Amino acid sequence: MRKLSLPILLILMLSSCSDGDLQIETIDFDEGSIQFCDDGQEDTETTLFFKINGDEVLILDLQANLIENGPSDGTITSTIDSQSDLSYRLFSDDVNQSYFCSEIPPVTPTVIEEITATAGIVQITSSLDTVNRTTKTYNHAITISEVTLVNSLGESITDQTGIDFGDYETDVESSVALVFSNFVSTDINACDIVGETIVLTKVLNDEYISLAIPISLLANVATGVDTPREADLSESIIFKNGIARVAVTTDSVCSGIATSELENEFSTTEGKVSVSTVASEPNTDGIITYTHTILLSEFVLQDLNGSNAGTIAAYTFGVFTTTS
């Protein structure tokens, strides 16, 4: 792979060739990391990225709302120049991050040449990178292909090999630290009953929570306010919070996600589950609806490595309904 100095190459090649687009092997910005300006916005809202190679800079102004804290379903694409913008600048001297992030750009170095891309495809693949008790980190790999650059004279140059623009990371607080509050509006689904146990689950993108409990805790009988049905969390009665490397579904959770596909999983080692049941009046067909409010209390979580992830005083798993 050879380094490309675009303005010099353009001058040399244009002086000896005038037939159509000019072809080059590559635009060499593979080395070095993506840089951006930290101006207090959410990291998923960042759209201006640049890579610096001494006195050369490749600048990507990305289409908004492409980067999210979650795994992508395949590869996300954005078209240059209708959706995203890409440009190359050559400076009079080495340039650094502050040049792009200062409210007033410094007088030096100066821009000798700016070449704008008129075509190309930005590709982003997002995946879960790491997760711990408090934070989930997502990696967004950005590549650019089929780039055509046009200089100030209107002469074009095309890169056929693709540009490995680099990786960008974003963080989000994990649901374990949030006491699973991101699942509040997520519906409870039930897996098939196996023996005397039912598994209730909530799925949210690459994360899920599930609760395996005896079916008897969801009996179609109203309980008193102060006398819920109770059971101790144990090896067979267990609450889990799993974080996978890909998006999960209710079916995949019910089937059982392989440990190799999990980034981490927190599960209970002790605690209590209680269910309070309220019965409705019979409808016109005589059917009664039973509303079961499921509460977990004083439960201890541990991760896949057996490390204690903390004790949670109380968490309302949600409301599940059955009918007579």
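Residues numbered from 1 in each chain as written. Predicted model: local features only at pLDDT ≥ 70, side-chain atom pairs only at ≥ 80, totals over all residues. Heavy atoms only, no water.

1. Quick notes on the overall build of the chain
Piece 1. When helices and strands are counted, the chain shows 3 helices and 18 strands.
Piece 2. Taken over the C-alpha trace, the chain has a radius of gyration of 28 Å; the compact-globule value for 324 residues is 20 Å, which it surpasses by more than 25%.
Piece 3. Principal-axis analysis of the C-alpha atoms gives the chain an extent of 90 × 40 × 35 Å.
Piece 4. Residue pairs at least 24 apart in sequence account for 63% of intrachain contacts in the chain once pairs closer than 6 positions are excluded.
Piece 5. A total accessible area of about 16300 Å² is found for the chain, and carbon and sulfur atoms account for 47% of it.
Piece 6. Of note, the chain has its 11 positive side-chain charges centred 7 Å away from the centre of its 50 negative side-chain charges. (Helix = DSSP H or I, 4+ residues; strand = E, 2+ residues; numbered from the N terminus. Rg over C-alpha atoms; globule rule 2.2 N^0.38 Å. Contact = heavy atoms within 4.5 Å. Areas by Shrake-Rupley, 256 points an atom, 1.4 Å probe, with all protein chains shown as cover. Lys, Arg positive; Asp, Glu negative; His and termini not counted. Charge placed at Lys NZ, Arg CZ, Asp CG, Glu CD.)

2. Let's talk about the confidence of the model for the chain
Piece 1. The predicted model of the chain has a mean per-residue pLDDT of 86, with 90% of residues at 70 or higher.
Piece 2. This stretch, residues 1–26, has a pLDDT under 50; its non-local contacts, to residues over four places away or in other chains, come to 55 contacts. (pLDDT = per-residue confidence, 0-100.)

3. Let's talk about the side chain of Ser174
Piece 1. Along the chain, the position of Ser174 falls in the loop between strand E10 (163–173) and strand E11 (189–190).
Piece 2. Sequence-distant contacts of Ser174, defined by excluding residues within four places in its chain, comprise Asn132, Arg133, Thr134, Thr135 and Lys136.

4. Details of the pairing of strand E4 (residues 56–61)
Piece 1. The buried count for E4 comes to 5 of 6 residues, which makes it a mostly enclosed element.
Piece 2. Counted along the chain from strand E3 (residues 48–53) to the antiparallel partner E4, the turn is 2 residues long, and its residue Gly54 has a positive phi close to 70 degrees.
Piece 3. With 6 bridges connecting them, E4 and strand E6 (residues 85–91) associate as antiparallel partners. From the neighbouring strand, Asp61 faces E6, where its bridge partner is Asp85. (Buried < 20%, exposed > 50% of the residue type's maximum accessible area, 1.4 Å probe, protein only. Pairing = 2+ DSSP bridges.)

5. Observations regarding the environment of Glu169
Piece 1. With respect to the helices, strands and loops of the structure, Glu169 is situated in strand E10.
Piece 2. Look at Glu169 and you get partly exposed, because its relative accessible area is 47%.
Piece 3. Measuring from C-alpha to C-alpha, the distance between Glu169 and Tyr138 comes to 5.6 Å, with 31 residues separating the pair along the chain.
Piece 4. Other than its neighbours up to four places away in sequence, Glu169 contacts Asp43, Asp129, Thr137, Tyr138, Asn139 and His140.

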